[in-house]
Amino acid sequence: MTDWFPIVFFTFKIVALSIGMFFAIKWHYDQGKKHEDKKQEKRAVLRATGVVAAVFVLLLVGLGLLTYVFATKLGLDLRLP
């Protein structure tokens, strides 16, 4: 009785993923046709990427410093061997 389950399940999965991929590709294609000013959009994306990267680096440095301060306050030996 359970021999049919994998066939139905995988068939449904393939059909559902294919429909989803079709509409995702169609949506991205339609979005590309909608935006005429590519240079301005590219500049905005690059600026946002730079801001996200800078914030990430600052948070990483801050976390490292905070960890160092707590480790020294707790009296941990942080010397390299």
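Before reading on, note that the structure itself is shown above.
Remember, it's a predicted structure, so these values are computed and weren't measured experimentally. (Residues numbered from 1 in each chain as written. Predicted model: local features only at pLDDT ≥ 70, side-chain atom pairs only at ≥ 80, totals over all residues. Heavy atoms only, no water.)

### So, the overall build of the chain
So, step 1. If you tally the helices and strands in the chain, you get 2 helices and 0 strands.
So, step 2. Seen through its principal axes, the chain has C-alpha atoms that stretch 65 × 55 × 20 Å.
So, step 3. Residues counted as buried form 1% of the 81 residues belonging to the chain.
So, step 4. For the chain, the exposed area adds up to about 8000 Å²; of that, 75% sits on carbon and sulfur atoms.
So, step 5. Computing the positive centroid from 11 side-chain charges and the negative centroid from 6, the chain places the two 8 Å apart. (Helix = DSSP H or I, 4+ residues; strand = E, 2+ residues; numbered from the N terminus. Buried < 20%, exposed > 50% of the residue type's maximum accessible area, 1.4 Å probe, protein only. Areas by Shrake-Rupley, 256 points an atom, 1.4 Å probe, with all protein chains shown as cover. Lys, Arg positive; Asp, Glu negative; His and termini not counted. Charge placed at Lys NZ, Arg CZ, Asp CG, Glu CD.)

### Section: the pattern of salt bridges
So, step 1. Counted according to the given criterion, the structure contains 2 salt bridges.
So, step 2. Across the salt bridge formed by Asp-30 and Lys-26, the nearest N and O atoms sit 3.1 Å from each other. Placement of both Asp-30 and Lys-26 in helix α1 (residues 5-34) is noted, with a separation of 4 residues, approximately one turn of the helix.
So, step 3. By relative accessible area, which is 34% here, Asp-30 ends up partly exposed.
So, step 4. Residues Asp-77 and Arg-79 are paired through a salt bridge, measuring 3.0 Å at the closest nitrogen-oxygen approach. Arg-79 shares its class with Asp-77; the two are exposed. (Salt bridge = Lys/Arg side-chain N within 4 Å of Asp/Glu carboxyl O.)

### Comments concerning the packing of aromatic side chains
So, step 1. Applying the stated rule across the entire model yields 4 aromatic pairs.
So, step 2. Both rings, one in Phe-5 and one in Phe-9, keep their centres 5.7 Å apart while their planes meet at 15°; by these two values the pair is stacked. Remark: Phe-9 and Phe-5 occur in helix α1; sequence separation between them is 4 residues, near one turn of the helix.
So, step 3. We classify Phe-9 as partly exposed; its relative accessible area is 37%.
So, step 4. Connected via pairs of aromatic rings, a cluster forms that spans Trp-4, Phe-5, Phe-9 and Phe-10. (Phe/Tyr/Trp six-rings, centres within 6.5 Å; stacked < 30°, edge-to-face > 60°.)

### Details of a nonpolar patch on the surface
So, step 1. A grouping of Trp-4, Phe-5, Val-8, Phe-9 and Phe-10 is seen on the molecular surface, where their side chains present a nonpolar patch of about 530 Å² in accessible area.
So, step 2. Relative to the assigned elements, Phe-10 resides in helix α1. (Patch = residues over 30% accessible without salt bridge, like charges linked within 9 Å, V, L, I, M, F, W, Y side chains within 5 Å.)

### Points about helix α2 (residues 38-73)
So, step 1. For α2, which comprises 36 residues, the first-to-last C-alpha distance of 52 Å matches the rise-based estimate of 52 Å (1.5 Å per residue) to within 8%.
So, step 2. Phi for Gly-75, located one or two positions after α2, is positive at around 80°. (Expected span 1.5 Å × (residues − 1).)

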